[in-house]
Amino acid sequence: MGSLFCYILIIEVFFRVCYRTGCKRPYVHVPRLPFKEMYIEPHPYLPYVYKKNFLCQKEMPATYPLHHEKGYMFAQTMTNNFRHSNGPYGNRDIEVPKPEGLIRINCLGASTTGNDINYRNKNYSYPMELEKILMSAFPDLKIEVNNCGQGGYTSAEILIKFLLDTIDTRPDVVVIYHAYNDLGPSLTPGFQSDYSHAKKNLGETYYLYRLVSNIPDIPLESWNFLLNYCLFSQNIRFNLMDVISRGAADIKNDFKGLSTYKRNIEHIINICKANKIRVVLSTFSQYLYPEIQNNEIYLKYYEGTKLENNVMRELAAAHNVPLVDNELLIPQEDRYFVDTVHFTPEGMHIVAENISIPIVEYIKNRI
């Protein structure tokens, strides 16, 4: 028994040293998530959705590669009636029918829109920052900015979710800040324009989360890593993209999905125009920090994001809608990013400031 304990201790110490050396930071323990606390579920027309009005992930240190010294956290929030994390605590509902006199702005996108980051016990997202800016500019008006982003979604899922329920909130303005996530399907062999070659439904593996949630959460980082990153994670946050993906992106391929990305965004624009909803498009900002500047995968995705940004510029010109060129407006500096695409609170504020400009102009012309 004593020998077994020594072996386990040696493995644990070896793992912690190797992980810290290789990743330049200590391993962050992935908390076990009981099945009944799973905040994501399958949906018949989308790969996955948040559960409605449900308590989300447990609070834990943010696992982004930059700014560990800041103590950024993933806070525990709730979802709202439209299955989004909206407002300071996530649970701010979107009232339907829309209250009289309310100017409603809905922000569409993936994790760069949907994700919060907590700093010094305060939650930040660019939609929250945008609302503060607009309310400060028009203190006598009723203005609401809703976070309708969902981490991991491609333009296909954003389009479907918008058609199925988000449009029912009758927004006055829709902001689209989205790129990057479509590049995986774009590079996956056997390309299909409905992304069926690269995506599958969470329902296919949902039962496995029930099984692994019963495995004891042993307080060993080596065991935690093996279970969550090598076998099947006890916490859906850490393997969701793996379980809803089919095939694998090949960076040697050309980007075959740019026309699909364009079609999906253009459908949202056309639907908004038909419903007299003002559209604001934004290009996507990406940062190659020093440690990844020569990484072939990141360089390929950087190239793809630039191509998607050109699509956004073309759509803005073709449909005569405002374009916020955040690719060019956001400085490529550490202080604004926590990884290649996600922002620090300071970065979120700059995104919001930039996006506020055409919206302020719209509101001035309206009142």
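Look up a bit, the structure's there.
Residues numbered from 1 in each chain as written. Predicted model: local features only at pLDDT ≥ 70, side-chain atom pairs only at ≥ 80, totals over all residues. Heavy atoms only, no water.

(A) The arrangement of the layout of surface pockets in detail. Computed from the structure, the second largest pocket encloses a volume of approximately 300 Å³. Contributing to the lining of the second largest pocket are 16 residues, with Y45, A156, E157, I160 and D194 lying nearest its centre. Only α4 (155-164) and α9 (258-274) provide two or more residues apiece to the lining of the second largest pocket. Grouping the amino acids of the lining of the second largest pocket by side-chain chemistry returns seven nonpolar, four polar and five charged. (1 Å grid on protein atoms, 1.4 Å probe; cavity = no way out; pocket = protein on both sides within 12 Å on 5 of 7 lines; lining within 4 Å. Points joined across faces, edges and corners; volume = space filled by probe spheres on them. Helix = DSSP H or I, 4+ residues; strand = E, 2+ residues; numbered from the N terminus. Nonpolar A, V, L, I, M, F, W, Y, C, P; charged D, E, K, R; others polar.)

(B) Expanded view of the packing of aromatic side chains. This structure, assessed with the given rule, holds 24 aromatic pairs. Measuring from centroid to centroid gives 6.3 Å for Y177 and F343, while their planes differ by 55°, and the two rings are tilted. Here F343 lies in the loop between α11 (326-329) and α12 (345-366) and Y177 lies in strand β9 (residues 173-177), a separation of 166 residues in the sequence. Take Y177: its relative accessible area is 0%, and that puts it in the buried class. Look at F343 and you get buried, because its relative accessible area is 4%. Taken together, the ring pairs in this structure connect Y126, Y177, Y180, F284, Y287, Y289, Y301, F337 and F343 into an aromatic cluster. Here K51 stacks its cationic end above the ring of F54, 4.7 Å away from the centre of that ring. Geometry around F255 places K300 over its ring, the cationic atom sitting 4.8 Å from the centre. (Phe/Tyr/Trp six-rings, centres within 6.5 Å; stacked < 30°, edge-to-face > 60°. Buried < 20%, exposed > 50% of the residue type's maximum accessible area, 1.4 Å probe, protein only. Lys NZ or Arg CZ within 6 Å of the ring centre and 35° of its normal.)

(C) Broad picture of a nonpolar patch on the surface. Where nonpolar side chains cluster on the molecular surface, the patch consists of F5, L9, V13 and V17 and spans about 400 Å² of accessible area. Within the fold, L9 resides in helix α1 (residues 2-23). (Patch = residues over 30% accessible without salt bridge, like charges linked within 9 Å, V, L, I, M, F, W, Y side chains within 5 Å. Areas by Shrake-Rupley, 256 points an atom, 1.4 Å probe, with all protein chains shown as cover. Salt bridge = Lys/Arg side-chain N within 4 Å of Asp/Glu carboxyl O.)

(D) Up close: the packing of α4 against α9. At a closest axis distance of 8 Å, the pairing of α4 and α9 adopts a crossing angle of 20°. Classified by the angle between their axes, α4 and α9 sit roughly parallel to one another. α9 is crossed by α4, and the crossing has left-handed handedness. In this structure, α4 uses S155, A156, I158, L159, F162 and L163 to contact α9, whose residues at the interface are Y261, N264, I265, H267, I268, I271 and C272. (Axes fitted to C-alpha atoms, helices over the stretch in contact; angles between N-to-C directions. Parallel < 35°, antiparallel > 145°, perpendicular 65-115°, else oblique. Left-handed = near helix turned anticlockwise from the far one by under 90°. Contact = heavy atoms within 4.5 Å.)

(E) Layout of unusual backbone geometry. A cis amide bond links V96 to the next residue, P97, at an omega of 0°. Looking at the secondary structure, you find P97 in the loop between β4 (73-74) and β5 (102-109). Residue K24 is not a glycine yet carries a positive backbone phi of 65°. For K24, the position within the fold is in the loop between α1 and β1 (40-41). Even without glycine at this site, R170 takes up a positive phi of about 55°. Note on placement: R170 falls in the loop between α4 and β9.

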